Amino acid sequence: FAPMTSVPALQRIEGRIRPFCSTTKILNSNDDDDDEDNSGMFDETENMEGNWMKKSTSIDFMPSEMQNSKDDSTYMDVGINGKTFGIGGLSRRMHEAMMVVATKQFPSGIPEELGDVYLLYSMDASAKEAVKVAMDSNGYALNLGDDESMQDEGAWGQIESVSFVDSETGDVIKGEDGSTSYESFTDAIAKGGWEPGDGFSFVVREIPSRKKAMDLEALLKALDPDGTLWDEAKDKGMLLPGDDIGSLKELATDCEQRVNSAPREANDEFNVYRGGTSMGYNVIQRSSLLKASRNPDGSENQKTLLHVMDSLANHGCIIVDLTDEDKSPEVAETMSGMWGATGSFFKQIGEGDAASTIPAMGPAEGVGSSHAMVGYASFKDGDNQFLETRISRTDGSLLPKETSSVIGEEGVKSMVDAFNIMSEVGKDIVRIATAASSDEAGAFVTVGSVVSQDEDSPSIAGLSFEEATVSGVMDEDTQPSDDDIARASILASEAATLLTEEIMDDGKPLSESANIEHDEGQVSMSPHRICRYSNEKGSKRKAKPSEIFGAHTDTTFVTIVPAAAVSGLEVYDEDSLQWYRPELNARKHAKSVDPKGEMDAKFPWHSRYLIVMPGELLQITSRNNIPAAVHRVVAAPETPRLSAPVLLRARPGTKMDVERYMGSLDKADSLLLETNDMKMEDIHSSLQ
Ligand SMILES: O=C(O)CCC(=O)C(=O)O
Ligand SMILES: [Fe+2]
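Remember, predicted model here, so these are calculated numbers, not experimental data.

### Let's talk about the packing of helix α12 (residues 403–440) against helix α14 (residues 482–502)
Stage number 1. Viewed as axis vectors pointing N to C, α12 and α14 meet at an angle of 140°, and their least axial separation amounts to 8 Å. With respect to α14, the element α12 is oriented oblique. Two packed elements cross with a definite hand, and for α12 against α14 that hand is right-handed. Facing K427, V430, R431, T434, A435, S438 and D439 of α12, the residues of α14 in contact are A488, S489, A492, S493, A496, T497, L499 and T500.
Stage number 2. Class assignment for the residues of the contact of α12 with α14 results in six nonpolar, six polar and three charged.

### Considering empty space enclosed by the protein
Stage number 1. Evaluation of the coordinates by the stated rule reveals two cavities of 30 Å³ or more.
Stage number 2. For the largest cavity, the calculated volume is near 50 Å³.
Stage number 3. Looking at the largest cavity, the residues that line it are M525, R649, A650, R651, P652, M680, E681 and H684.
Stage number 4. For the lining of the largest cavity, a count of residues per class yields four nonpolar, one polar and three charged.

### Structural notes on a negative patch on the surface
Stage number 1. There is a patch of like negative charges on the surface, built from E176, D177, E195 and D198.
Stage number 2. When you line up the elements, E195 lands in the loop between α6 (185–190) and β6 (199–211).

### Concerning the pairing of strand β8 (residues 318–321)
Stage number 1. Burial along β8 is two-sided: I318 and V320 and I319 and D321, pointing in opposite directions, are all buried.
Stage number 2. Of the pairings in the sheet, the one linking strand β7 (residues 283–285) to β8 comprises three bridges and is parallel in character. Residue pairing in the sheet places V283 in a bridge with I319 of β8.
Stage number 3. One crossover worth recording links β7 to the parallel β8 by way of helix α10 (residues 302–315), and it is right-handed.
Stage number 4. In this sheet, strand β18 (residues 609–614) lies alongside β8 in antiparallel orientation, the contact comprising four bridges. Note that in β18 the partner of I318 across the bridge is V612.

### Observations concerning the sheet that holds strand β14 (residues 546–552)
Stage number 1. In spatial order, the strands read β14-β19-β16-β17; together these four strands make up an open sheet with antiparallel pairing. The open sheet has two edge strands with one neighbour each: β14 and β17 (578–580). Strand after strand, the sheet turns through a mean of 30° between neighbouring axes, direction not considered.
Stage number 2. As defined by bridge partners, β14 adjoins strand β19 (residues 631–635) across four bridges and the pair is classed as antiparallel. Residue F549 lies in a different strand from β19, and its bridge partner there is V633.

### Concerning the coordination of the iron ion (ligand 2)
Stage number 1. Around the iron ion (ligand 2), the protein contributes the donor atoms H552 (NE2), D554 (OD), D554 (OD) and H631 (NE2), at 2.1 to 2.5 Å from the metal centre.
Stage number 2. Geometry at the iron ion (ligand 2) is irregular, judged from the six donor atoms that bind it and their angles of 53 to 169° at the metal.
Stage number 3. Counting gaps between the donor residues of the iron ion (ligand 2) yields the pattern H-x1-D-x76-H. Placement of D554 in the loop between β14 and β15 (558–562) and of H631 in strand β19 is noted, with a sequence separation of 77 residues between them. The exposure classification of D554 matches that of H631, with both residues buried.

### Observations concerning the pattern of salt bridges
Stage number 1. Tallied over the entire structure, the rule returns 31 salt bridges.
Stage number 2. In this structure, D428 and R431 form a salt bridge, with 2.9 Å as the shortest nitrogen-oxygen distance. Taken as a pair, D428 and R431 lie in helix α12 at a separation of three residues, close to a single helical turn.
Stage number 3. Ionic pairing is found between R651 and D506, a salt bridge with its closest N-O pair at 3.3 Å. With R651 in the loop between β21 (646–648) and α17 (658–662) and D506 in the loop between α14 and β13 (528–533), this residue pair connects regions lying 145 residues apart in the sequence.
Stage number 4. With relative accessibility at 8%, the residue D506 sits in the buried group.
Stage number 5. Salt bridges here are not isolated pairs; linked through shared partners, they connect R393, E424, K427, D505, D506, E520 and R651.

### Details of the site of ligand 1
Stage number 1. In the region of ligand 1, 13 residues are neighbours, and R529, Y533, H631, R641 and S643 sit closest.
Stage number 2. Note that an oxygen atom of ligand 1 is positioned 2.7 Å from one of the side-chain N or O atoms of Y533.
Stage number 3. In isolation ligand 1 exposes 290 Å². Once the protein is present, 99% of that is buried.
Stage number 4. When contributions to the shell around ligand 1 are tallied by element, the ones reaching two or more residues are β13, β14, β19 and β20 (641–643).
Stage number 5. Looking at the shell around ligand 1 residue by residue, the classes come out as seven nonpolar, three polar and three charged.

Calculation criteria
Residues numbered from 1 in each chain as written. Chains lettered and ligands numbered in written order. Predicted model: local features only at pLDDT ≥ 70, side-chain atom pairs only at ≥ 80, totals over all residues. Heavy atoms only, no water. Axes fitted to C-alpha atoms, helices over the stretch in contact; angles between N-to-C directions. Helix = DSSP H or I, 4+ residues; strand = E, 2+ residues; numbered from the N terminus. Parallel < 35°, antiparallel > 145°, perpendicular 65-115°, else oblique. Left-handed = near helix turned anticlockwise from the far one by under 90°. Contact = heavy atoms within 4.5 Å. Nonpolar A, V, L, I, M, F, W, Y, C, P; charged D, E, K, R; others polar. 1 Å grid on protein atoms, 1.4 Å probe; cavity = no way out; pocket = protein on both sides within 12 Å on 5 of 7 lines; lining within 4 Å. Points joined across faces, edges and corners; volume = space filled by probe spheres on them. Patch = residues over 30% accessible without salt bridge, like charges linked within 9 Å, V, L, I, M, F, W, Y side chains within 5 Å. Areas by Shrake-Rupley, 256 points an atom, 1.4 Å probe, with all protein chains shown as cover. Salt bridge = Lys/Arg side-chain N within 4 Å of Asp/Glu carboxyl O. Lys, Arg positive; Asp, Glu negative; His and termini not counted. Charge placed at Lys NZ, Arg CZ, Asp CG, Glu CD. Buried < 20%, exposed > 50% of the residue type's maximum accessible area, 1.4 Å probe, protein only. Pairing = 2+ DSSP bridges. Right-handed = clockwise from strand over helix to strand, strands pointing away. Donors = N, O, S within 2.8 Å, 3.2 Å for Na, K, Ca; no water. Tetrahedral: all angles 85-135°; square planar, octahedral: opposite > 155°, others 65-115°. Near = heavy atom within 4 Å. Polar contact = N/O pair within 3.5 Å; in protein donor to acceptor, adjacent residues only side chain to side chain.

What follows is the structure, encoded as structure tokens:
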């Protein structure tokens, strides 16, 4: 997936630029309306004082090979002010250079009739240079193609409105014939008496142009030529384009910057971004995430891997259909039971019966860690209500134990079952994403790892790998074979599986067979949180949807949010740089698979879907391929939303062991190296 991973990196860099230079439209040139996108440092209106640039309106000579082109070719009109561009000085230097060459060519004197031609060349060439610079700083380039004649003077655009200016003041000066404006460079020379060194302004139309691939560093340089903004940003400890996220501290900064640069305003569900057409916005089937769906050799399935990576790296989440398009509805029935329990809980809270039964949010009994909280809490005058639950590792029961007196034993069972369903999905996704990233980094590649058993093998037949190395048949520089690479993919998946089993906390005791240090305590670090979000208090907010749980990233491997009946979870789409509501895509998918709502009798449509968002720990194990999702909850007045996220965190007392879970230290980035051998709870704490 190499091309894909370079995209989010670029997008994320753009996100990081925003906080300190948000004034220019040019940085938003990802906006879909391309026609509007020719502004930037230049004005769009034509006048002779400023510089301007816009798309040409009347093109009737477009070469046929360009007419159907799907690239970014276009035609531009540009106005250049001779004062800002120092055109006078440039034309003098150009003329002098031409004279040096001409003198060599005509030792006995330059023919008189060529004099004006050299003048025209130097005027035209300096104008062309100025236009190149102007276009370049607006993200465009001259598009003269391979046709040499297009390079000729006068052929790269239609010159008009040439006037002489004082290079110091920019004031228009009359030519020798008293005119203030000429139709062409030829006229300016012949009638106006232009000479090299004289400043001039001009308009040139219909310049063949093409949009350059965005080079953010070049843009930044254009916007911040002396580097003041850059230095200021550095002083503030900001991450800048080109900076690696090389430490836990920088990871925290990266997340904070991305959180801060996402807009605070909210749209209703009709106006919010609906996602694009790329694979990563599609719902994935539960079964394709299972280890059983890997390739026969045990490497990850390429199609699943691309889907997972596109979703997580570029769009902030992946939407999972638990039923495989209704082929296995039982799981959705369990989820439906959990939704029933959640509804029942908040109904009783609302009626005032339950609040006194359930302990207030506090550290779970018998656990030292202040991270392991359980209990009920209410914020914002009750607009935000939470019950934090956790699984007891000793007996698999749900904490706080008083929950059963509100939702009953059945209700509790459905919550525990739902937790298990969700955490298994979360583990599969972490396996795939981590394996894909290790594999891409080549972290398990060992040259010569697979020695052919084939008697006929010509190169190293009869030698073991060690013998081959010792005898110099192979050396370090040898390229890995296809077999070496295939083996690495299998190992990457195996190691990532181990990671999900050992250092992710699924609420169960660590397997006996895991031969690692651990001190996991009696309570799961991964909470199952049931929530009610409303927008009823605070009369000012009433008119429209607004943030009720502000933008943040989670210190988790993944956060799993079961799609709710009422939409409201928003993830910040790193690709389009807009808020995006995955619950709407889940709803659309449900409509397409079950248009008549025939399954509704068994379970509500939304209990089929999970939304899985990457957290900060996955950003680490994916080697920064996957940024932790910036997300928030938006609530509309009068439509409370119930929610039941699971936050999958790390098992206490276990250690990050890069070689065990992610392969060679030689291939590890500096963030991975920093975390290597750290206790998972220390990594967690340092990200708070
Ligand atoms: O409830 C939700 O939809 C999301 C909650 C969330 O982001 C969190 O609890 O960290
Ligand atoms: Fe969250």
